[in-house]
Amino acid sequence: MDVYLIRHTRVALDSGICYGRSEIKLAADFDAQLAGLKQQLPTAFDAVYSSPLQRCTRLAEQFNTSVKQDGRLQEYDFGEWELHPWDDIDSDALHLWMQNFVNVRPPGGETLIEMSERVGQFMDDLREGDHSQVL
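One structure accompanies this document, and this report is about it. (Residues numbered from 1 in each chain as written. Predicted model: local features only at pLDDT ≥ 70, side-chain atom pairs only at ≥ 80, totals over all residues. Heavy atoms only, no water.)

1. Some words on the pattern of salt bridges
As enumerated under the stated definition, the model contains 8 salt bridges in all. In this structure, the salt-bridge partner of R21 is E110, at a minimum N-O distance of 3.7 Å. One end of the pair, R21, is in the loop between β1 (2–3) and α1 (30–40); the other, E110, is in the loop between α3 (91–99) and α4 (112–127), and 89 residues separate them in sequence. Since its relative accessible area comes to 6%, E110 is described here as buried. (Salt bridge = Lys/Arg side-chain N within 4 Å of Asp/Glu carboxyl O. Helix = DSSP H or I, 4+ residues; strand = E, 2+ residues; numbered from the N terminus. Buried < 20%, exposed > 50% of the residue type's maximum accessible area, 1.4 Å probe, protein only.)

The structure is reproduced here in structure tokens:
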């Protein structure tokens, strides 16, 4: 089975803002970015899965109208840091997280291990299917 992993295209948000699970619109140049992705990917997939966030689902639907949303594919949860400028986040808390983001969670968020476990569960389930090309 071939699995193609793509991230959503650019978002309509200023740089320097912490975001993960927040609903954010895609940038105005979505169509141009989509065209570039389509040149690099196969034209057909047996299954297309997506995070339930609209920026992800909108992109996934451009490859297959039968997108299967799965919460385990959701973006990293930055908790209380969501939508705050990185420069405004408490520097001590940010430093602690950056030194060990694998095991330390942002306040109200998740660790990289927790994210990895939920995505890993999705991948384990995917392996049990009979797909040849998955996006």
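2. Notes on the nonpolar core
If you look at the biggest cluster of nonpolar residues, it comprises 15 residues, and the most contacted ones within it are L41, F45, V48, L59, F63 and L135. Looking at this core, the elements that each hand over two or more residues are α1 and α2 (54–60). Ranked by residue count, the leading element in this core is α1, at 3 residues. What V48 contacts, discounting residues up to four positions off in sequence, is A60, N64, S66, V67, K68 and L135. By size, the runner-up hydrophobic cluster in this structure holds 7 residues, among which are C18, F78, L94 and W97. (Core = buried A, V, L, I, M, F, W, Y, C linked by side-chain atoms within 4.5 Å. Contact = heavy atoms within 4.5 Å.)

3. A word on a nonpolar patch on the surface
A grouping of F101, V102, L112 and I113 is seen on the molecular surface, where their side chains present a nonpolar patch of about 280 Å² in accessible area. Along the polypeptide, V102 turns up in the loop between α3 and α4. (Patch = residues over 30% accessible without salt bridge, like charges linked within 9 Å, V, L, I, M, F, W, Y side chains within 5 Å. Areas by Shrake-Rupley, 256 points an atom, 1.4 Å probe, with all protein chains shown as cover.)

4. Overview of the side chain of R118
The topology assignment puts R118 in helix α4. Look at R118 and you get buried, because its relative accessible area is 11%. Within the local environment of R118, its side chain forms a polar contact with the side chain of E110, the two groups lying 2.6 Å apart. Excluding residues that lie within four positions of it along the chain, R118 makes contacts with R21, G71, R72, L73, Q74, E75, Y76 and E110. (Polar contact = N/O pair within 3.5 Å; in protein donor to acceptor, adjacent residues only side chain to side chain.)

5. What to know about α4
The terminal C-alpha atoms of α4, which comprises 16 residues, lie 22 Å apart, in line with the 22 Å expected from a rise of 1.5 Å per residue. Turning to α4, its buried residues are R118, F122 and L126. One face of α4 carries all of its buried residues, which in axial projection span an arc of 90°. Looking at the buried side of α4, the elements it contacts are β1, β2 (48–50) and β4 (133–134). (Expected span 1.5 Å × (residues − 1). Arc of directions from axis to C-beta.)

6. Remarks on the environment of H8
Relative to the assigned elements, H8 resides in the loop between β1 and α1. Distance in space between the C-alpha atoms of H8 and N103 is 26 Å, their sequence separation being 95 residues. Each residue touching H8, except ones within four places of it in the same chain, is listed here: Y19, R55, C56, L59 and E75. Within the structure, H8 has its side chain in polar contact with the side chain of R55 (distance 3.1 Å).

7. Quick look at the packing of aromatic side chains
Counted according to the given criterion, the structure contains 10 aromatic pairs. Measuring from centroid to centroid gives 6.3 Å for Y76 and W97, while their planes differ by 45°, and the two rings are tilted. In this pair, Y76 sits in the loop between β3 (67–69) and α3 while W97 sits in helix α3, placing the two residues 21 residues apart along the sequence. No difference in accessibility class separates Y76 from W97, as the two residues are buried. Where F78 meets W97, the ring centres are 5.8 Å apart and the plane angle is 70°; that geometry is what we call edge-to-face. (Phe/Tyr/Trp six-rings, centres within 6.5 Å; stacked < 30°, edge-to-face > 60°.)

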